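Breakdown of the fold
Below are the chains, spelled out letter by letter.
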Amino acid sequence: MRGTIIKAADWHLGLDTEEGAPEKPLHEVECTTCHAKSGATEGRRLPAETWAIKHTGERPGHWSFRSTATSFWRVTPAPGNPYAEVTP
Ligand SMILES: [Zn+2]
């Protein structure tokens, strides 16, 4: 059996809009002292920000946080790409 190697093809990288993918970024913060996490909220930073301030208020000395915004990407074949005919 003989395969085909595609050395160059056009692809499109964009936000994942497939069913089930979050439409907006997920925002979450983690305390760098005790590693407690706010939990992720879709599209809104305010709940994570409020959680961080409340966390510091309840635990003096826990001043630093790691903030993450997670978005989901999807690579799809561009027009002319041989994989454009293939349904994943
Ligand atoms: Zn903490």
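The structure displayed is predicted, hence computed values, not measured ones.

This part is about the overall build of the chain. The secondary structure content of the chain amounts to 1 helix and 5 strands. Looking at the chain as a whole, 8% of its 88 residues are labelled buried. In the chain, 56% of the contacts between residues at least 6 apart in sequence involve partners at least 24 apart.

Spatial strand order, β3-β2-β4: 3 strands in an open sheet with antiparallel pairing. Two strands bound the open sheet, and with one partner strand each, they are β3 (41-42) and β4 (65-70). Across 6 bridges, the pairing between strand β2 (residues 26-31) and β4 is antiparallel. What sits directly across from V29, in β4, is S67. In the packing of helix α1 (residues 46-58) onto the sheet, the strands contacted are β2, β3 and β4, and the crossing angle to β2 comes to about 15 degrees.

Moving on, we come to the environment of L13. The residue L13 is located in strand β1 (residues 11-15) in this model. A sequence separation of 61 residues divides L13 from R74, and the C-alpha atoms of the two residues are 5.9 Å apart. Aside from chain neighbours lying at most four places away, what touches L13 is W73 and V75.

With that settled, consider the pairing of β1. Walk down a regular strand and you will see the side chains alternate between the two sheet faces. With 0 of 5 residues buried, β1 lies mostly on the surface of the structure. Two elements, β1 and strand β5 (residues 73-77), share 5 bridges in a ladder whose sense is antiparallel. Following the sheet pairing, L15 is matched in β5 by W73.

Turning to its location among the elements, E28 is positioned in strand β2. Judged by the 20 C-beta atoms lying within 10 Å of it, E28 falls in the buried class. Through-space distance from the C-alpha of E28 to that of E42 is 9.2 Å; in sequence the pair is 14 residues apart. When residues no more than four places from it in sequence are discounted, the contact partners of E28 are K37, S38, G39, A40, A48 and T68.

When you line up the elements, A21 lands in the loop between β1 and β2. Placed 50 residues apart in sequence, A21 and S71 show a C-alpha to C-alpha distance of 9.1 Å. Excluding residues within four positions of it along the chain, A21 makes contact with D16 and F72.

The rules behind each value
- Residues numbered from 1 in each chain as written.
- Predicted model: local features only at pLDDT ≥ 70, side-chain atom pairs only at ≥ 80, totals over all residues.
- Helix = DSSP H or I, 4+ residues; strand = E, 2+ residues; numbered from the N terminus.
- Buried ≥ 20, exposed ≤ 12 C-beta atoms within 10 Å, placed from the backbone.
- Contact = placed C-beta atoms within 7 Å.
- Pairing = 2+ DSSP bridges.
- Axes fitted to C-alpha atoms, helices over the stretch in contact; angles between N-to-C directions.

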